[in-house]
Amino acid sequence: MIRIAFFDTKPYDRASFERCCGGRDMRFRFLETKLNEDTAELAKGCDAVCVFVNDTVNAAVIGRLYEMGVRLIALRSAGYNNVDVKAAYGKIHVVHVPAYSPYAVAEHAAALLLASVRRIHKAYNRTRDFNFSLTGLTGFDLHGKTAGVIGTGKIGRIFIDICRGFGMKVIAYDRFPAPDSGIEYIEPDELFARSDVISLHCPLNDETRHMIDASAIGKMKKGVIIVNTSRGGLIDAEALLDGIKSGKIGAACLDVYEEEADIFFEDHSGHIMNDDLLARLISMPNVIVTSHQAFLTEEALNNIAETTAGNIRSFFEDGRCVNELCYRCGNIERCRNDRKDKCF
Ligand code: NAI
């Protein structure tokens, strides 16, 4: 029996994991708390931990888990910026779910964009109040506009297809452009200057942190719409707020926020919001915030549970490490362990 400490459990996680892999060969210890230095102890007696995007998996946590005999960190997400993969190397193997439904995330980005451009969030509130006035709801056609996509991996490519379906022109920047993809790649500065809509689909790392800062915003078109369904840290939120206040940024659609860890996924409606920056952003009529929900579809939840269970089984039962994130390869982004053997 493989024992797994499942941190930051939400009701929908539990339902999909119990449906997919309850009972037989795995026993989950479902914990509501997030993993961090104070809670690592709760994994005592477990062979693996299963973590999500706002669990803290730094060197200290990894060291403690290793001492307790944990041998696998199974991320139930694609992004892994919260895991110190370098510190884990040689101690604990790290696996993730590289793709569970890129459609879920790309479609959510498109939903936010459409809601923002056509002021659906405002119209919804008005008609619930029997206010049928159209004043202030004027949008614009996406057809003929230019979408600048940063990161043309699985999600970025689907978002590109959606934009093309609307008749938009698409330009893109990727650190590793895909050859023969038919995508027009340009450098970031040119993308900032030419785009009416900028959508972020690259990972968060040292190179991409705050790639949208005051300097980048300064190069953008007046009225640009920024969509971020990737990671909050890609945007300097103070600079974003300044851009919105000055009128340079036409709208922002945010599914992620740099300081989301202690806020998103929870109900804070009965409390005072002590993140002034987030409160100010949410108060803006042209900002839409969702709480890291882009992944949240039935299809994605089922795929996450099945792939995570497959990763865990293959590690403990077959001695293989499918979907491993390995520091040995130097470039985690480009690591292609086709043999699926363990990297150490
Ligand atoms: P992917 O790995 O298929 O694509 C990422 C792309 O970014 C690759 O083409 C890569 O070459 C490119 N890239 C890497 N470094 C870059 C850099 N410095 N500058 C520009 N491009 C760079 O990943 P996928 O599945 O498309 O996911 C993208 C991101 O979406 C993830 O990193 C994750 O942070 C986020 N995500 C958000 C979810 C949500 O619920 N909001 C759910 C799933 C993923």
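*Asks:* Just checking my understanding: could you explain the sheet that holds strand β4 (residues 72-75) for this structure?
*Replies:* Note on sheets: strands pair through backbone hydrogen bonds, and any given pair is parallel or antiparallel. Overall, parallel pairing links the five strands, which are arranged β2-β1-β3-β4-β5 in an open sheet. Each of the sheet's edge strands pairs with one partner strand only, and the pair in question is β2 (26-30) and β5 (93-95). Direction aside, the axes of adjacent strands within the sheet are offset by 25° on average. Taken together, the three bridges between β4 and β5 define a ladder with parallel strand orientation.

*Asks:* I'm lost on helix α9 (residues 237-246) in this one. Help?
*Replies:* In an α-helix there are 3.6 residues to a turn, and that puts residues three or four apart on one side. Buried within α9 we find A237, A239, L240, L241, G243 and I244. On its buried face, α9 is in contact with α8 (214-218), β10 (224-228), β11 (249-254), α10 (276-283) and β12 (287-289). The N-cap residue of α9 is D236: its side-chain oxygen and the backbone nitrogen of E238 are 3.1 Å apart. Where α9 ends, the next residue or the one after it, G247, has phi of about 90°, a positive value.

*Asks:* Would you explain the site of the ligand in this entry?
*Replies:* Inspection of the region around the ligand gives 24 residues, with Y100, K154, I155, D174 and T229 positioned closest. At 2.9 Å from an oxygen atom of the ligand is found a main-chain nitrogen or oxygen belonging to I155. Take D174: an N or O atom from its side chain is 2.6 Å from an oxygen atom of the ligand. For the ligand, whose free accessible area comes to 870 Å², the fraction covered by protein is 91%. In terms of residue class, the shell around the ligand is made up of nine nonpolar, eight polar and seven charged.

Each value, and the rule that gives it
Residues numbered from 1 in each chain as written. Predicted model: local features only at pLDDT ≥ 70, side-chain atom pairs only at ≥ 80, totals over all residues. Heavy atoms only, no water. Pairing = 2+ DSSP bridges. Helix = DSSP H or I, 4+ residues; strand = E, 2+ residues; numbered from the N terminus. Axes fitted to C-alpha atoms, helices over the stretch in contact; angles between N-to-C directions. Buried < 20%, exposed > 50% of the residue type's maximum accessible area, 1.4 Å probe, protein only. Contact = heavy atoms within 4.5 Å. Polar contact = N/O pair within 3.5 Å; in protein donor to acceptor, adjacent residues only side chain to side chain. Near = heavy atom within 4 Å. Areas by Shrake-Rupley, 256 points an atom, 1.4 Å probe, with all protein chains shown as cover. Nonpolar A, V, L, I, M, F, W, Y, C, P; charged D, E, K, R; others polar.

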